[in-house]
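In case you want the letters, here they are:
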Amino acid sequence: MPPHVWFCVSAVFHYLGPAFAVLLFAQVGVLGMAWLRIATAALVFMPLTKPWRVFAHADRSARLLLLAFGACLAVMNCSFYLALDRLPISLVAAIEFVGTIGVALVGLRSQRNFLALTIAVAGTLLLIDVKWSSDPVGLFWAFLNGALFVAYIVIGHRLAQTGTGIAGLGAAMAIAFLVVFPIGFSEALPAFSAPQLLFAAVGVGVCSSVIPYICDQLAMAQLPRASFALMLSLLPLTATLIGVLVLRQVPSLIECLGIMLVVTGVSIVRAQARSAAFLS
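Residues numbered from 1 in each chain as written. Predicted model: local features only at pLDDT ≥ 70, side-chain atom pairs only at ≥ 80, totals over all residues. Heavy atoms only, no water.

Some remarks on the overall build of the chain
Reasoning step 1: Summing up its helical and strand segments, the chain has 14 helices and zero strands in all.
Reasoning step 2: For the chain, the succession of helices and strands along the chain, N to C, is α-α-α-α-α-α-α-α-α-α-α-α-α-α.
Reasoning step 3: Classification of the 280 residues of the chain by burial places 52% in the buried group.
Reasoning step 4: Put simply, the chain shows about 12200 Å² of open surface, and 71% of that area lies on carbon and sulfur atoms. (Helix = DSSP H or I, 4+ residues; strand = E, 2+ residues; numbered from the N terminus. Buried < 20%, exposed > 50% of the residue type's maximum accessible area, 1.4 Å probe, protein only. Areas by Shrake-Rupley, 256 points an atom, 1.4 Å probe, with all protein chains shown as cover.)

Have a look at this one:
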């Protein structure tokens, strides 16, 4: 299928799964939910990709990529959930997205692109203005997640270009599970005594880490890094809609304006991004 189809599927599940995860925080805990999400993904990928073989057959540079990608996935998921526990999902998505414009600008340098970045940053600042004093801890986790999301794009794109594909993703997810195991295991224990809760957590893990990450790898393998980063302009809108429908987080007029500024920042350079993708 065309890479844009894979990306659209990823855009929906990228925040749909985490939105359902927020509803489980009271029963499992934030880090426990992150542990269950990564554990589910690692178990799903394990029989399909045999991560031990992928890592054993990889050369030194590929192993370093897998280790970096796995560590990035582990810390990114934990910081993402810690941010969602304190901030609206639309705000976390906007902060997460601004860094991706910077990734796009590295590959598509122009005055129009710097204008796009300025507009997107202005929209994000508008969104976080009311949160600076009320929840600085939540903002810290959101910005850490945003920085790691940039690393996810850069490392993930390099991994996709090596040809390891889904097998490489499975190996990285196994590494992520080893990193996160001591962090959230104790909080995840209550889920093992409640079958319905465990089933829900497994569903969140599949929706959050299996479906979107597979779709991302399939899209990254066919798209230049800059073009993929620019297509992420859909994510703030997706997050806002899911926040309204699932979490009843209705944004204010100021927040809607901030979200639209973030999306507008990308629409300015969309035509140029398409041209660059075609030429590459």
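Description of unusual backbone geometry
Most peptide bonds are trans, and most residues other than glycine sit at a negative phi.
Reasoning step 1: Backbone geometry at K50 places phi at a positive 45°, although glycine is not the residue there.
Reasoning step 2: Take K50: it is sitting in the loop between helix 3 (30-49) and helix 4 (51-57).
Reasoning step 3: For K50, a relative accessible area of 31% translates into the label partly exposed.
Reasoning step 4: The backbone of R248 sits at a positive phi, close to 60°, despite the residue not being glycine.
Reasoning step 5: The topology assignment puts R248 in the loop between helix 12 (234-247) and helix 13 (253-267).

What to know about the nonpolar core
Side chains of nonpolar character tend, in soluble globular proteins, to be buried together.
Reasoning step 1: Counting residues in hydrophobic clusters, the biggest one holds 70 residues, and the most contacted among them are M33, L73, Y81, Y152 and M173.
Reasoning step 2: The greatest single-element share of this core, amounting to 13 residues, is contributed by helix 5 (residues 60-84).
Reasoning step 3: With residues near it in sequence (within four places) discarded, Y152 still touches F69, C72, L73, M76, H157, Y213, D216 and M220. (Core = buried A, V, L, I, M, F, W, Y, C linked by side-chain atoms within 4.5 Å. Contact = heavy atoms within 4.5 Å.)

Considering the packing of aromatic side chains
The geometry of an aromatic ring pair is captured by two quantities: the separation of the ring centres and the angle between the planes.
Reasoning step 1: Enumeration over the complete set of coordinates arrives at twelve aromatic pairs.
Reasoning step 2: Considering the side-chain rings of F149 and Y152, the 5.7 Å spacing of their centres and the 15° angle between planes classify their relative orientation as stacked. Of this pair, F149 and Y152 both sit in helix 8 (residues 136-161), three residues apart, roughly one helical turn. An identical accessibility class is assigned to F149 and Y152; each is buried.
Reasoning step 3: Through successive ring pairs, a cluster of aromatic residues spans W35, F177, F181, F185 and F192.
Reasoning step 4: The side chain of R63 reaches across the aromatic face of F55, ending 5.4 Å from its centre. (Phe/Tyr/Trp six-rings, centres within 6.5 Å; stacked < 30°, edge-to-face > 60°. Lys NZ or Arg CZ within 6 Å of the ring centre and 35° of its normal.)

Section: a nonpolar patch on the surface
Reasoning step 1: Taken together, the side chains of F181, F185, L189 and F192 define a hydrophobic patch exposed on the protein surface, amounting to about 360 Å² of accessible area.
Reasoning step 2: Tracing the backbone through its elements, the reader meets L189 in the loop between helix 9 (165-188) and helix 10 (195-220).
Reasoning step 3: By relative accessible area, which is 41% here, L189 ends up partly exposed. (Patch = residues over 30% accessible without salt bridge, like charges linked within 9 Å, V, L, I, M, F, W, Y side chains within 5 Å. Salt bridge = Lys/Arg side-chain N within 4 Å of Asp/Glu carboxyl O.)

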